[in-house]
Amino acid sequence: MKKPNVFMLAVFAAGTMLLSGCGAEKSAESTDSEEMSMEEKPASETRASPLRTLEGTAGNSKLMVQYGAPSVKGRVVWGDLVPYNEVWRTGANESTFVEFGSEVTVEGQKLPAGRYSLFTIPKASGKWTVIFNSEWDLEHGHFQYKQENDVLRVESSPEWLTDSQEQLSIAIESPGIVVRWEKLKLPIVIQ
């Protein structure tokens, strides 16, 4: 009487492994095709601050940006949620990163091809500091930031708009990369 139960368990286990294996192959194939896409990939719906990835061209370089997109949610952003005069990960969760396919000029200074985390230092008035750091894969953003890994620091002039944008966005558009959140527009010139 026990043999049929063992046989049924073996058949069930084999079927489960076969189905799991097929699903894994399909998942790997879809990941490869997603990486080749030249448009914004869909945001992850399970995160409070969805992870966004986009690709484009700035100057003469191919460019990829990945960031967590937080929302205002009725909070005071500048000077409170994001303090002035402190390094900010320019997004949410893990560090935002930017990858350049070739050397570029950022705000008039050369930056070699490569992948960099993107940080900013917001100011209550005047220009903001924009930082490209060699440690691009930081799980907790600015909490793991180390200034000695900075590859380039430049300054960019923020623009303050009358309309508010609920969710942070980073776009690849003229004049290079543009960060928008709440009433901020921060253009970063890339040639």
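Above this text you will find the structure in question.
First, a word on what this report is: a plain description of the structure on this page. (Residues numbered from 1 in each chain as written. Predicted model: local features only at pLDDT ≥ 70, side-chain atom pairs only at ≥ 80, totals over all residues. Heavy atoms only, no water.)

## Topic: the overall build of the protein chain
Link 1 in the chain: Scanning the protein chain from N- to C-terminus turns up 1 helix and 10 strands.
Link 2 in the chain: Secondary structure of the protein chain in N-to-C order comes out as α-β-β-β-β-β-β-β-β-β-β.
Link 3 in the chain: Counting only residues that meet the buried cut, the protein chain has 39% of its 191 residues in that class.
Link 4 in the chain: Long-range pairs, those at least 24 residues apart, make up 53% of the contacts in the protein chain between residues at least 6 apart in sequence.
Link 5 in the chain: Carbon and sulfur atoms provide 53% of the accessible area of the protein chain, an area that totals close to 11100 Å². (Helix = DSSP H or I, 4+ residues; strand = E, 2+ residues; numbered from the N terminus. Buried < 20%, exposed > 50% of the residue type's maximum accessible area, 1.4 Å probe, protein only. Contact = heavy atoms within 4.5 Å. Areas by Shrake-Rupley, 256 points an atom, 1.4 Å probe, with all protein chains shown as cover.)

## Observations regarding unusual backbone geometry
A negative phi holds for most residues other than glycine; trans holds for most peptide bonds.
Link 1 in the chain: Cis peptide bonds are those with omega within 30 degrees of zero, and the linkage from serine 174 to proline 175 qualifies with 15°.
Link 2 in the chain: For proline 175, the location among the structural elements is in the loop between strand 9 (159–173) and strand 10 (176–189).
Link 3 in the chain: Its identity as a non-glycine residue notwithstanding, lysine 73 has a phi of 55°, on the positive side.
Link 4 in the chain: Examined against the element boundaries, lysine 73 turns out to sit in the loop between strand 2 (61–68) and strand 3 (97–100).
Link 5 in the chain: We note that asparagine 93 has phi near 65°; this positive angle belongs to a residue other than glycine.

## Examining the pattern of salt bridges
Link 1 in the chain: In total, this model carries 4 salt bridges according to the counting rule given.
Link 2 in the chain: Salt-bridge contacts for glutamate 99 lead to arginine 115; the nearest nitrogen and oxygen are separated by 2.6 Å. Taken together, the residues span a long stretch of sequence, with glutamate 99 in strand 3 and arginine 115 in strand 6 (residues 114–121) at a distance of 16 residues. (Salt bridge = Lys/Arg side-chain N within 4 Å of Asp/Glu carboxyl O.)

## Some remarks on the packing of aromatic side chains
Link 1 in the chain: Per the stated rule, a full pass over the model turns up 11 aromatic pairs.
Link 2 in the chain: Between the aromatic rings of tryptophan 78 and tryptophan 88, the centroid separation amounts to 5.4 Å while the plane-to-plane angle is 85°, which identifies the pairing as edge-to-face. Of the two residues, tryptophan 78 sits in the loop between strand 2 and strand 3 while tryptophan 88 sits in the loop between strand 2 and strand 3, which places them 10 residues apart along the sequence. The burial state of tryptophan 78 is the same as that of tryptophan 88; both residues are buried.
Link 3 in the chain: The interplanar angle of 10° and the centroid separation of 6.1 Å between the aromatic rings of tryptophan 88 and tryptophan 181 together place this pair among those described as stacked. Here tryptophan 88 is found in the loop between strand 2 and strand 3, whereas its partner tryptophan 181 is found in strand 10, with 93 residues between them in sequence.
Link 4 in the chain: Taking the ring centre of tryptophan 136 as reference, the NZ or CZ of arginine 115 above it sits at 4.4 Å. (Phe/Tyr/Trp six-rings, centres within 6.5 Å; stacked < 30°, edge-to-face > 60°. Lys NZ or Arg CZ within 6 Å of the ring centre and 35° of its normal.)

## Regarding the nonpolar core
Link 1 in the chain: The biggest cluster of nonpolar side chains holds 33 residues, and the ones touching the most others in it are Phe100, Val106 and Phe132.
Link 2 in the chain: Here the element with the most residues in this core is strand 10; it accounts for 6 residues.
Link 3 in the chain: Leave out the neighbours within four places in its chain, and valine 106 touches Leu111, Phe132, Leu152, Val154, Ile188, Val189 and Ile190. (Core = buried A, V, L, I, M, F, W, Y, C linked by side-chain atoms within 4.5 Å.)

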